Each structure stands twice: as C-alpha cells, then as structure tokens.
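The residues making up each chain are set out below.
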Amino acid sequence: MAKKYKITQKREKCIGCGACQAVCPQNWVIGKDGKAKPKKTIISEKEYKCNKEAAEACPIGIITIEELK
C-alpha cells in the first residue's frame, strides 16, 4: 500500500519568506495574509520529496512531515 504523509505547519510563526513555495510550488502558496500554506496537508509518497524539500528550506523550521500509520 502506498504511504501517506501529513504536513504540519505552525502557520502563526510563518515569516512569509516564500522558501517553501520556491522549492515546492505544486503544494505551497502564499496566502492573502502574506504567510505560506500548503494547498493540501495529506500527501502521497510521490509528493513527499518536494514537500520535504520545502520543509528543509524553511529558515525557521516550522514545517514538519510525518508518515501516517
């Protein structure tokens, strides 16, 4: 069975730098409030790499991705 992952973001701490959107525009957008947000929080194994890079690109480390059991 294909793995699924859950993205968690402490959005209130987002500084709106856009690093996540720059590396993974397929799932990350800047909202009207100037803060980044994922288009979807439950992702497939195929979408994992891009989102993992987005999490690693975040300069304040507020994005985490965990495998759903």
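Provided above is the structure to which this section pertains.
Presented here is a report on the structure given in the accompanying data block. (Residues numbered from 1 in each chain as written. Predicted model: local features only at pLDDT ≥ 70, side-chain atom pairs only at ≥ 80, totals over all residues. Heavy atoms only, no water.)

### What about the nonpolar core?
Formally: To qualify as a nonpolar core, a set must consist of buried Ala, Val, Leu, Ile, Met, Phe, Trp, Tyr and Cys residues joined through side-chain atoms within 4.5 Å. Think of it in three bands: with a 1.4 Å probe and only protein chains considered, a residue is buried below 20% of the maximum accessible area for its type, exposed above 50%, and partly exposed in between. Only DSSP runs of H or I with at least four residues qualify as helices, and only runs of E with at least two residues qualify as strands; both kinds are numbered from the N terminus onward. Any two residues whose heavy atoms approach within 4.5 Å are treated as being in contact.
Ranked by internal contacts, the top residues of the largest apolar core, which has 15 residues, are Ile7, Cys20, Trp28, Ile63 and Ile65. When contributions to this core are tallied by element, the ones reaching two or more residues are strand 1 (4-9), helix 2 (45-57) and strand 5 (63-67). Take this core: its biggest share by element is three residues, from helix 2. Ile63 has contacts with Ile7, Thr8, Gln9, Cys20, Trp28, Ala54, Ala55 and Cys58, leaving out every residue within four places of it along the chain.

### A few points about the state of the cysteines
What counts here: Here, a disulfide means two cysteine sulfur atoms that sit within 2.5 Å of each other.
Counting across every chain of the model gives one disulfide. A disulfide bridge connects Cys24 with Cys50, and the sulfur atoms are separated by 2.0 Å. With the S-S dihedral at roughly 125°, the linkage between Cys24 and Cys50 falls on the right-handed side. In this pair, Cys24 sits in the loop between helix 1 (19-23) and strand 2 (28-30) while Cys50 sits in helix 2, placing the two residues 26 residues apart along the sequence. For the residue pair Cys24 and Cys50, the accessibility class agrees, reading buried in each case. A disulfide-free cysteine, Cys14 has its sulfur positioned 6.3 Å from the sulfur of Cys20, the nearest such atom. Using a relative accessible area of 14% as the deciding quantity, one classes Cys14 as buried.

### What about the environment of Lys37?
With respect to the element layout, Lys37 can be found in strand 3 (residues 36-38). Lys37 sits 26 residues away from Ile63 along the chain, and the two C-alpha atoms are 9.8 Å apart. Lys37 has contacts with Gln9, Arg11, Asn27, Trp28, Val29 and Gly31, leaving out every residue within four places of it along the chain.

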